[in-house]
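# Results of the structural survey
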Amino acid sequence: MRAVAVLLVMVYHAGLPFLPHGYLGVDVFFVISGYLITSLLLRELAATGHISWPQFLARRARRLLPAAMLVLVFIATTTWLLIPGRRGREIGGDIVGAALYVVNWVLAGRSVDYLAKDTQPSPVQHYWSLAVEEQFYVIWPLCLVLLVFVLRRFRPRVLARGPGHSPSLRAIGILLAAIAVPSLAYSVWHTITVPAHAYFATTTRVWELGVGAALAIWAVDQHPHRVRFGGVLGWVGLAVVVGTAFLLPDTAGWPGAWALLPTLGTAAVILSGWGEGSQGPGRLLSLRPLVWVGGLSYSLYLWHWPLRVFADELWPGGTARAWAVLLSVVPAYLGYRLVERPVHHTPRLARSTRRSLTLGAALSLVGVLAGIPLITAPAVFETKPPTGALPPLEQLGAGTLGETPSADPAAYAVDDWGWLTPDPERAGEDRPSADVDRCQVDERTSTPVRCEFGVKDGPLTIALVGDSKALQWLPALERAAPGQGWRIITYGKSSCAFAAGTTELSRAHYQSCDDWNEAVIRQLVADPPDLVVTSTQADAALRGDKVSRSALVDYLARRWKGLQRAGVPVAVIGDNPGSPSDLDSCMARNPRHLTRCAFDRETALANTGLDAQRAAALKAPGVELIDLTPWICPVERCPVAIGHVVIHRAGDHITATYAATLGPQIARQLEAVMTRERR
């Protein structure tokens, strides 16, 4: 089953389209680990009457840490050579988290940072599952030690006396249920409410290890003849595991209730091994190639993912990732034969708990030290001119383009600006104050948050409404506000189009967005602003159970026309061209050759909401569509900077600084809309 688990994960990570849900191989590993570890602990408890937690940790250290830390050192070295800048520093932090076996919580925290969603995968990302297991290995034996202590002190008859006897399985089962059942319930709930965070959290995964642990508890004192129809059970379990990897619905949240399929399927395969005869899948799983892969599974798991990530870094797209996953067999085998197996079976270490724990601590320290140089790497770019003071905004960014941006590519072919603001490596942190102030509610929240900016008690009120693509224009409005007398109010919600219809998120109904929309429109109608300004990154919505662009067009137009009927004019700032998600890394690699990081305008516009907004504006006469593409990407190859200002936060958004330099351009068009409406 280890071979099945690691092959599912590797084929999935290779990007092969026929196995869309191979990630569930990790869940198979959880069940196997829970079963094996609990079996070892129960055998020790039955043989000695107690559990030595230090000895248990020493065995785990010898088994897991040498290979894990070897791969971390490799990742750190390769990252230093290939990935400079902010992403390299982020990976350094991940390496430290992995060395301390808490990286799953690091990734969980990053997963719910909406504006960090364009971050490239970390080569350490796969260590999240090892962190979950290590946390289980620390907590579960301690729970058993505590249980034995309590029973021996307060209920001595519950424990069998003397070596060779099992402790009270009922007490252990109750303890396990007290841990696993709440974890399962929390997993189901948390997967619905915060799916990205739920994927990495230990609290949503403990029950999966608990399935294996429960099987180990049941297996104590059982005999093969007690498992009836074991062969059929095993084949059904194996079919469920593999079938789920192929056929799981795309909308299924994970782990949640769906994870019951591979976990119970794995338990069924293990249970079938207790049946008599050879009718089960045991003979298939005992074939020599599968046994070989199973023995190598830990090393394969460690090596395949970083090689896949680095292959993407060197040769984006194509078949590079598949080849990288396939060739990971070579370092995995060498690591297994030269490091993992020799250290695990060294007699001198095996005889000494102290030496094993010392080795484990030293190896963990090596992992931490491997990440520190990346975290502390010096900055690549100068962020201020030699005078030390930034020029005024009208001399920066879009302010240097004039009324009509040049269409001559040579005007933007600057390899070395000398200095850039914001720092390209930290451009993702250059966000509008509405984001910093948390005026944009998350994907779970349906209650709007109203924030105010600009001129307090100003004569004109502008409402900026929508997702982060709308709020990214707040710096432009703030810059224009003093001269125009604008009071700016904002209503923002992550990934939520300001539309009158059924919105979607990841192809599923986005109910909290619909509820938020209705709450916002009630507030706008009750207290009408002089103008609503909106934008969105959405390019589709739901009509029935179908996701379509035409549905979004209809819903946007309906929303805008509804505001117009209520006497509120609407201006739409068209969605901006997107940039490659590794743009910051490219700029850090090429600080004196920035034209290498320019990207195709047609591709940059292909996955935006601009076309849907244009079509909706045609259906809502009087709605002004402001297309800023000529000021963001004026030529066929989009520049990464204009007028010493970095244009993009890598991925979808514009930097707050560049948005501010567009303030006069946006102000002229918004003022024209309000003047027209006043006539």
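See above for the structure.
First, a word on scope: everything that follows refers to the structure included in this document.

Conventions we followed
- Residues numbered from 1 in each chain as written.
- Predicted model: local features only at pLDDT ≥ 70, side-chain atom pairs only at ≥ 80, totals over all residues.
- Heavy atoms only, no water.
- Helix = DSSP H or I, 4+ residues; strand = E, 2+ residues; numbered from the N terminus.
- Buried < 20%, exposed > 50% of the residue type's maximum accessible area, 1.4 Å probe, protein only.
- Contact = heavy atoms within 4.5 Å.
- Areas by Shrake-Rupley, 256 points an atom, 1.4 Å probe, with all protein chains shown as cover.
- Lys, Arg positive; Asp, Glu negative; His and termini not counted.
- Charge placed at Lys NZ, Arg CZ, Asp CG, Glu CD.
- Axes fitted to C-alpha atoms, helices over the stretch in contact; angles between N-to-C directions.
- Parallel < 35°, antiparallel > 145°, perpendicular 65-115°, else oblique.
- Nonpolar A, V, L, I, M, F, W, Y, C, P; charged D, E, K, R; others polar.
- Arc of directions from axis to C-beta.
- Salt bridge = Lys/Arg side-chain N within 4 Å of Asp/Glu carboxyl O.
- Polar contact = N/O pair within 3.5 Å; in protein donor to acceptor, adjacent residues only side chain to side chain.
- Pairing = 2+ DSSP bridges.
- Disulfide = S-S within 2.5 Å.
- Patch = residues over 30% accessible without salt bridge, like charges linked within 9 Å, V, L, I, M, F, W, Y side chains within 5 Å.
- Phe/Tyr/Trp six-rings, centres within 6.5 Å; stacked < 30°, edge-to-face > 60°.
- Lys NZ or Arg CZ within 6 Å of the ring centre and 35° of its normal.

### Overview of the overall build of the protein
- A tally of regular secondary structure across the protein gives 29 helices and 15 strands.
- Each principal axis of the C-alpha atoms in the protein carries an extent, and together these give about 95 × 50 × 45 Å.
- Here the protein holds 679 residues, and the buried ones make up 55% of them.
- Counting contacts in the protein only where the partners sit at least 6 residues apart, residues at least 24 apart contribute 80% of the total.
- Total accessible area computed for the protein in this model is approximately 29200 Å², and 60% of it derives from carbon and sulfur atoms.
- The positive charge centre, built from 62 side chains, and the negative charge centre, built from 54, are 13 Å apart in the protein.

### Some points on the environment of glycine 485
- Among the secondary structure elements, glycine 485 is positioned in the loop between α21 (474-484) and β4 (486-493).
- Along the primary structure glycine 485 and valine 455 are separated by 30 residues, whereas in three dimensions their C-alpha atoms are 6.0 Å apart.
- When neighbours within four sequence positions are excluded, glycine 485 is seen to be in contact with Val455, Gly458, Pro459 and Leu460.

### Topic: the packing of helix α6 (residues 127-154) against helix α14 (residues 297-314)
- The contact between α6 and α14 brings their axes to 10 Å, and the two run at 135°. One way to sum up the angle between α6 and α14 is to call them oblique. Here Tyr127, Ser129 and Leu130 of α6 lie close against α14, whose contacting residues are Tyr298, Tyr301 and Leu302.
- For the contact of α6 with α14, a count of residues per class yields 5 nonpolar, 1 polar and no charged.

### Here's the deal with helix α26 (residues 610-619)
- Among the residues of α26, those classed as buried are Leu610, Ala612, Gln613, Ala616 and Ala617. Viewed along the axis of α26, the buried residues span an arc of 155°, placing them on a single side of the element.
- Tucked inside the fold, the buried residues of α26 contact β7 (531-535), α23 (549-565), β10 (570-573), α25 (601-606), β12 (624-626) and α27 (629-632).

### Some remarks on the pattern of salt bridges
- Evaluation of the coordinates by the stated rule reveals 28 salt bridges.
- Glutamate 394 is the salt-bridge partner of arginine 479, the closest N and O atoms lying 3.5 Å from each other. Placement of arginine 479 in helix α21 and of glutamate 394 in the loop between α18 (353-375) and α19 (433-436) is noted, with a sequence separation of 85 residues between them.
- In this structure arginine 479 comes out as partly exposed when scored by relative accessible area, which is 26%.
- With a closest N to O distance of 2.4 Å, aspartate 554 and arginine 543 form a salt bridge. A residue pair is termed long-range when its members are at least 10 positions apart, and aspartate 554 in helix α23 and arginine 543 in strand β8 (residues 541-543) qualify at 11 residues.

### Things to note about the side chain of serine 548
- Its location among the elements puts serine 548 in strand β9 (residues 546-548).
- You can call serine 548 buried: its relative accessible area is 19%.
- Side-chain polar atoms of serine 548 contact the backbone nitrogen of alanine 551, separated by 3.2 Å.
- With residues near it in sequence (within four places) discarded, serine 548 still touches Ala540, Ala541 and Arg543.

### A closer look at the side chain of threonine 661
- With respect to the helices, strands and loops of the structure, threonine 661 is situated in helix α28 (residues 656-661).
- Among the polar contacts listed, one links the side chain of threonine 661 to the backbone nitrogen of alanine 398, at a separation of 3.1 Å.
- Those residues in contact with threonine 661 that lie beyond four places of it in its chain are Leu393, Leu396, Gly397, Ala398, Gly399 and Arg479.

### Focus: the pairing of β4
- Across the 8 residues that make up β4, a large majority, 8, are buried.
- By the alternation rule, side chains of β4 split into Trp486, Ile488, Thr490 and Gly492 and Arg487, Ile489, Tyr491 and Lys493, which are all buried.
- Two elements, strand β2 (residues 450-454) and β4, share 5 bridges in a ladder whose sense is antiparallel. Looking across to β4, one finds that glutamate 452 is bridged to isoleucine 489.
- With 7 bridges connecting them, strand β3 (residues 460-466) and β4 associate as parallel partners.

### As for the state of the cysteines
- Evaluated as defined, the whole model comprises 4 disulfides.
- For cysteine 633, the disulfide goes to cysteine 638, at an S-S distance of 1.9 Å. Between cysteine 633 and cysteine 638 the sulfur-sulfur dihedral comes to about -90°; the bridge is accordingly left-handed.
- With relative accessibility at 0%, the residue cysteine 633 sits in the buried group.
- What connects to what in the protein, once the bonded cysteines are numbered by sequence position, is 1-2, 3-4, 5-6, 7-8.

### Some words on a nonpolar patch on the surface
- A cluster of nonpolar side chains, contributed by Trp292, Val330, Tyr333, Leu334 and Leu338, occupies part of the molecular surface with about 510 Å² of accessible area.
- Looking at which element gives the most residues to the nonpolar patch, the answer is helix α16 (residues 329-344), with 4 residues.
- Looking at the element boundaries, tryptophan 292 is found in helix α13 (residues 288-295).

### A word on the packing of helix α3 (residues 53-82) against helix α4 (residues 85-99)
- Put simply, α3 and α4 touch, their axes get as near as 10 Å, and they point 170° apart. Taken together, the axis directions place α3 and α4 in an arrangement best described as roughly antiparallel. On α4, the residues that touch Met69, Leu72, Ile75, Ala76 and Thr79 of α3 are Gly88, Ile91, Ile95, Ala98 and Ala99.
- Its residues assigned to classes, the contact of α3 with α4 comprises 8 nonpolar, 2 polar and no charged.

### Structural notes on the packing of aromatic side chains
- For the structure shown, the criterion picks out 15 aromatic pairs.
- Their ring planes at 75° and their centres at 5.4 Å tell us that tyrosine 12 and tyrosine 23 sit as a pair that is edge-to-face. One end of the pair, tyrosine 12, is in helix α1 (residues 2-13); the other, tyrosine 23, is in the loop between α1 and α2 (25-48), with 11 residues separating them in the sequence.
- Note on tyrosine 12: relative accessible area 30%, which makes it partly exposed.
- Taking 5.1 Å as the distance between ring centres and 50° as the angle between the ring planes, the aromatic pair formed by tryptophan 128 and tyrosine 199 counts as tilted. Of this pair, tryptophan 128 sits in helix α6 while tyrosine 199 is found in helix α8 (residues 195-200), placing the two residues 71 residues apart along the sequence.
- The class of tryptophan 128 is buried, set by a relative accessible area of 4%.
- Every member of this aromatic cluster is reached through a ring pair, and the members are Tyr12, Tyr23, Phe30, Trp128, Tyr199, Phe200 and Trp254.
- A cation over a ring is seen here: arginine 60 above tyrosine 137, with NZ or CZ 5.7 Å from the ring centre.

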